[in-house]
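Observations on the model geometry
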Amino acid sequence: MTARPRIVLATATERPGLRAPWLLALILAFGAVGAAIGWFGRGLEPREVGELRNEAQLLAGQQAVLEQDLATARRGEQVTREAYEGLRQEIIVLEAELREARSDVAFYQRLLGAGGTRRGLAVHALRVRDTASPLHYRFRLTLSQNLEKAAVVDGRVTVAAEGISGDRMVELDADDLDLRIGDGTSAFEFKYFQEFDGSLRFPDGFVPERIIVELDVEGRRDPVARSFDWSELRLDAPTDAATE
């Protein structure tokens, strides 16, 4: 009887580049080979049957090793995905903390007039946070004055929103936004800075583009105003700007 070539396969540990799909394909192939040996072994001499059985046992052992390698590869893939997601979330948190730190630095620099800045009353920052409702948001509004020019100012805060409703640009006032600011009076009175916590709700179908904050100051003709791009607010990235 002509000698049959023996089937010799390297294990997955000898081929570091092997991936899970190839492992699975090899496992299925080994199963098919084992079945073929059992079928074609009928009618052979006992010595030949023994040789086939030995080869079948060898293949079964290699299949077991590959199955273990496949399970290890799948676990490694899952760990890698989880580690990547954890790192991504950590980066998001750190970026948000860095933005807030920069905003705080800009705030104190403005109060102290650092860098030659000599500005009066301003809408310093507006920070927006999500709530459980996709249309409802909470915010924190910060007003400030430069210490060099500080004097007690008083007035009222008004907030409006510009955006798309249907197929046209519209502007929504405080009533349209169900606006809540501070204790409900929307009045301010301060010398250096003042913060307000509040909330607003957009109507169904409204796509916001800008939030406009105006300060109507007692004894002054023109209000102090600042416009915030909604996409930047949704990233929670306030910046220092807007003066009287």
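To start, this report covers the structure provided alongside it. (Residues numbered from 1 in each chain as written. Predicted model: local features only at pLDDT ≥ 70, side-chain atom pairs only at ≥ 80, totals over all residues. Heavy atoms only, no water.)

A separate point is the overall build of the protein chain. Tallying secondary structure elements over the protein chain gives three helices and nine strands in all. The order of α-helices and β-strands along the protein chain, N terminus first, is α-α-β-β-β-β-β-β-β-β-β-α. Counting only residues that meet the buried cut, the protein chain has 32% of its 244 residues in that class. Considering only contacts in the protein chain between residues 6 or more positions apart, those separated by 24 or more positions represent 66%. Working note: accessible area of the protein chain is about 15,300 Å², and carbon and sulfur atoms make up 54% of it. (Helix = DSSP H or I, 4+ residues; strand = E, 2+ residues; numbered from the N terminus. Buried < 20%, exposed > 50% of the residue type's maximum accessible area, 1.4 Å probe, protein only. Contact = heavy atoms within 4.5 Å. Areas by Shrake-Rupley, 256 points an atom, 1.4 Å probe, with all protein chains shown as cover.)

This part is about the sheet that holds strand β1 (residues 122-130). In space, the four strands of this open sheet follow the order β1-β2-β7-β5, with antiparallel pairing throughout. The sheet is open, and its two borders are formed by β1 and β5 (180-181), each paired with just one other strand. For β5 and strand β7 (residues 193-201), the ladder comprises two bridges, and the chain directions are antiparallel. Along β7, the bridge assignment pairs isoleucine 181 with glycine 198. (Pairing = 2+ DSSP bridges.)

This next bit is on the pairing of strand β4 (residues 168-172). Pairing of strand β3 (residues 153-165) with β4, which is carried by five bridges, proceeds in the antiparallel orientation. From the neighbouring strand, serine 165 faces β4, where its bridge partner is arginine 168.

The next thing to look at is the environment of leucine 177. Along the polypeptide, leucine 177 turns up in the loop between β4 and β5. C-alpha of leucine 177 to C-alpha of proline 203: the two residues are 26 residues apart in sequence and 7.2 Å apart in space.

This brings us to unusual backbone geometry. Positive phi, close to 50 degrees, is recorded for aspartate 178, a residue that is not glycine. Structurally, aspartate 178 is set in the loop between β4 and β5.

A few words now on empty space enclosed by the protein. Within the structure shown, the criterion is met by two cavities of 30 Å³ or more. Here the largest cavity is characterised by a volume of approximately 40 Å³. Together, Leu126, Val128, Phe139, Val159, Leu200, Ile211 and Val213 line the largest cavity. (1 Å grid on protein atoms, 1.4 Å probe; cavity = no way out; pocket = protein on both sides within 12 Å on 5 of 7 lines; lining within 4 Å. Points joined across faces, edges and corners; volume = space filled by probe spheres on them.)

Below, the discussion takes up the pattern of salt bridges. Pairing between side chains becomes possible if they bear opposite charge and their charged atoms approach one another. Using the criterion set out here, one finds six salt bridges in the structure. For glutamate 162, the salt bridge goes to arginine 210, with nearest N and O atoms at 2.9 Å. Here glutamate 162 is found in strand β3, whereas its partner arginine 210 is found in strand β8 (residues 206-217), with 48 residues between them in sequence. Classification of glutamate 162 by relative accessible area gives buried; the value is 19%. In this structure, the salt-bridge partner of aspartate 178 is arginine 180, at a minimum N-O distance of 3.0 Å. Aspartate 178 gets classed as partly exposed once you look at its relative accessible area, which sits at 35%. Because the salt bridges share partners, they merge into one network encompassing Glu162, Glu209 and Arg210. (Salt bridge = Lys/Arg side-chain N within 4 Å of Asp/Glu carboxyl O.)

A few words now on the packing of aromatic side chains. How two aromatic rings sit relative to each other is given by the distance of their centres and the angle of their planes. Counted according to the given criterion, the structure contains five aromatic pairs. Judged by centre distance (5.1 Å) and plane angle (80 degrees), the rings of tyrosine 137 and tryptophan 230 are edge-to-face. Here tyrosine 137 is found in strand β2 (residues 136-144), whereas its partner tryptophan 230 is found in helix α3 (residues 230-234), with 93 residues between them in sequence. Tyrosine 137 sits in the buried class, given a relative accessible area of 10%. The interplanar angle of 40 degrees and the centroid separation of 5.4 Å between the aromatic rings of phenylalanine 202 and phenylalanine 206 together place this pair among those described as tilted. (Phe/Tyr/Trp six-rings, centres within 6.5 Å; stacked < 30°, edge-to-face > 60°.)

Our focus in this paragraph is the nonpolar core. Core analysis: the biggest nonpolar cluster contains 31 residues, and Val157, Val213 and Leu215 have the highest contact counts within it. Looking at which element gives the most residues to this core, the answer is β8, with five residues. Beyond its immediate sequence surroundings of up to four residues, valine 213 is in contact with Val123, Leu126, Leu141, Val157, Thr158, Val159, Val224, Ala225, Arg226 and Phe228. (Core = buried A, V, L, I, M, F, W, Y, C linked by side-chain atoms within 4.5 Å.)

Taken together, the side chains of Glu171, Asp173, Asp175 and Asp176 present a region of like negative charge at the surface. In this fold, aspartate 173 is placed in the loop between β4 and β5. A relative accessible area of 39% places aspartate 173 in the partly exposed class. (Patch = residues over 30% accessible without salt bridge, like charges linked within 9 Å, V, L, I, M, F, W, Y side chains within 5 Å. Lys, Arg positive; Asp, Glu negative; His and termini not counted. Charge placed at Lys NZ, Arg CZ, Asp CG, Glu CD.)

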